[in-house]
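# Observations on the three-dimensional arrangement
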Amino acid sequence: MRIEEVRDHCFGGHSLHDPFMGGWTPVISAMLDLPEDVTLSGISIAVVREAMETHLSPGSALQLAVTGMNTKRRTEFAAGRVCASEALRGMGLIAEFPLPVRNRLPVWPLGVVGSISHCNTIAVAMTAPKSRYCALGIDVESLLDPDTAQGIQQYVCRDEELDRLERYIPCRSRSLTILFSAKEALYKALFPLVGRFKDFHAAEFVGFEPCSVVLRLTHDWTSCWRAETKIKVRYAWLGQEVISAVCLPRYLDLTKRETHEKFRQWYWRPHGFAAP
Ligand SMILES: CC(C)(COP(=O)(O)OP(=O)(O)OC[C@H]1O[C@@H](n2cnc3c(N)ncnc32)[C@H](O)[C@@H]1OP(=O)(O)O)[C@@H](O)C(=O)NCCC(=O)NCCS
């Protein structure tokens, strides 16, 4: 069954057409400088909300999956699952819709790694082959207002981290939103591998490149993910939302000059290889 048919079934024959994100998704992929084998998909929450309110078929798998959720949660859940299906379709895969949940995590088809995120306005998902990536993490956050930024600052980072980032982004709300989102994207990539909660001080900002920040683990997350490991988090602004993405390659061919340079720049580990 093709994804359109799956969606049409869930939304009573109504197809989810989103000119805004449909147009923006390739641009965001380019702005994030995602590798070619990583697929990104996005959708506006408004499009999904409208479809859920007017076209959701009773008894469909989606309707059953969102039973008991409040309106906001069911819309964002559905939006995330639509993006996941689109991203999988981009890889040439048709999967169960909506993807099932285990321990709050989506269950990806065999051979795939992926990540989902949603906020009030948009949802995004990113997928890639497991043969090449051990994990992906994506996060979308709306720009924090100054009061919220001030309120959460001490939980998100140390003052020194913010001072360092503000040399490049001299706006407190923007810099804190980027750090918050980057750390969540990192956590979402590593959580399925390490299986334990980490607060925002478990990684710190250590480097800035145009459209990416480098985070360093402040202590061992596991015996594979050790203190000092540096991980690049790409980010891009789409209006008032920032999208952050972490792509952890499964292994790196250190004989290739270009790979070696990338490795040196943004993915340094004491023993040279990503966790299996
Ligand atoms: C798990 C967490 C990162 C989710 O972030 P969020 O902004 O609330 O929500 P998002 O929309 O970005 O992501 C939610 C989606 O992520 C996935 N998800 C949920 N828990 C997850 C986890 N522990 N790891 C990876 N993905 C997770 C799910 O697909 C979920 O969507 P769904 O329930 O609709 O399927 C956040 O709730 C959290 O616990 N943060 C604290 C830990 C942290 O970030 N530490 C930083 C360490 S440096």
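Anything mentioned here points back to the structure above.
As the structure is a computational prediction, the values presented were derived from the model and not from experiment. Throughout, residues of each chain are indexed from 1 in the direction in which the sequence is written. Only residues with pLDDT of at least 70 are given local features in this predicted model, and only at 80 or more are side-chain atom pairs given and counted; all residues enter the totals for whole chains, interfaces and linings.

### What to know about unusual backbone geometry
Worth spelling out the cut-off: Strands are runs of DSSP state E lasting at least two residues, helices are runs of H or I lasting at least four, and both sets are numbered from the N terminus onward.
Following F97, the chain continues into P98 via a peptide bond in cis, with omega recorded as -5°. Mapped onto the elements of the fold, P98 is located in the loop between α5 (71-90) and β2 (101-102). Even without being a glycine, N103 presents a positive backbone phi close to 50°. Inspection of the secondary structure assignment puts N103 in the loop between β2 and β3 (105-106). One non-glycine residue, R104, lies in the positive phi region at around 70°. Of note, R104 is situated in the loop between β2 and β3.

### Some details on helix α2 (residues 19-32)
In an α-helix, one turn spans 3.6 residues; hence positions three or four apart end up facing the same way. Quick reminder of the rule: Each helix should span, by expectation, one fewer than its residue count multiplied by 1.5 Å. The bend reported for a residue corresponds to the angle between axes fitted to the seven residues ending at that residue and the seven starting there. Each residue is classified by how many other C-beta atoms fall within 10 Å of its C-beta atom, where C-beta atoms are placed from the backbone; a count of 20 or more means buried, 12 or fewer means exposed, and values in between mean partly exposed.
Spanning 14 residues, α2 covers 20 Å between terminal C-alpha atoms, matching the ideal 20 Å at 1.5 Å per step. Maximum bend of α2: about 35°, positioned at T25, with proline P26 one to four residues after it. Residues M21, T25, I28, S29 and L32 constitute the buried set of α2. Directly beyond the C-terminal end of α2, a positive phi value near 55° is found at D33.

### Considering the packing of helix α7 (residues 159-166) against helix α8 (residues 172-194)
Our working rule: Note on geometry: axes are C-alpha line fits, over the in-contact stretch for helices, and angles between N-to-C directions span 0 to 180 degrees. Note on convention: near helix rotated counterclockwise from far helix by under a right angle means a left-handed crossing. Clockwise means right-handed. By definition, residue pairs are in contact when their C-beta atoms, positioned from the backbone, come within 7 Å. Here the nonpolar group is Ala, Val, Leu, Ile, Met, Phe, Trp, Tyr, Cys and Pro; Asp, Glu, Lys and Arg are the charged ones; every other residue, Gly included, is treated as polar.
At a minimum axis separation of 10 Å, α7 and α8 run at an interaxial angle of 115°. Crossing angle aside, the handedness with which α7 passes α8 is right-handed. Contacts between α7 and α8 involve E161, L162, L165 and E166 from the former and S175, L176 and L179 from the latter. Of the residues that constitute the contact of α7 with α8, the class distribution is 4 nonpolar, 1 polar and 2 charged.

### Here's the deal with the environment of G80
Mapped onto the fold, G80 is located in helix α5. For G80 and I122, which are 42 residues apart along the polypeptide, the C-alpha to C-alpha distance reads 8.9 Å. In contact with G80, other than residues within four places in its own chain, are I116, H118, A123 and A125.

### Some words on the environment of H17
Among the secondary structure elements, H17 is positioned in the loop between α1 (3-10) and α2. With 8 C-beta atoms packed within 10 Å, H17 lands in the exposed category. Once the C-alpha coordinates of H17 and S44 are considered, the two residues, 27 residues apart in sequence, prove to be 9.8 Å apart.

### Remarks on the site of the ligand
Using the following cut-off: Using the backbone to place each C-beta atom, any residue with that atom within 6 Å of a molecule or strand is considered near it.
Inspection of the region around the ligand gives 20 residues, with S117, Y187, K188, F191 and A203 positioned closest. Looking at the shell around the ligand, the elements that each hand over two or more residues are α5, β3, β4 (112-118) and α8. Looking at side-chain class alone, the shell around the ligand contains 10 nonpolar, 3 polar and 7 charged residues.

So far we have only geometry, and geometry alone does not tell us how the molecule works.
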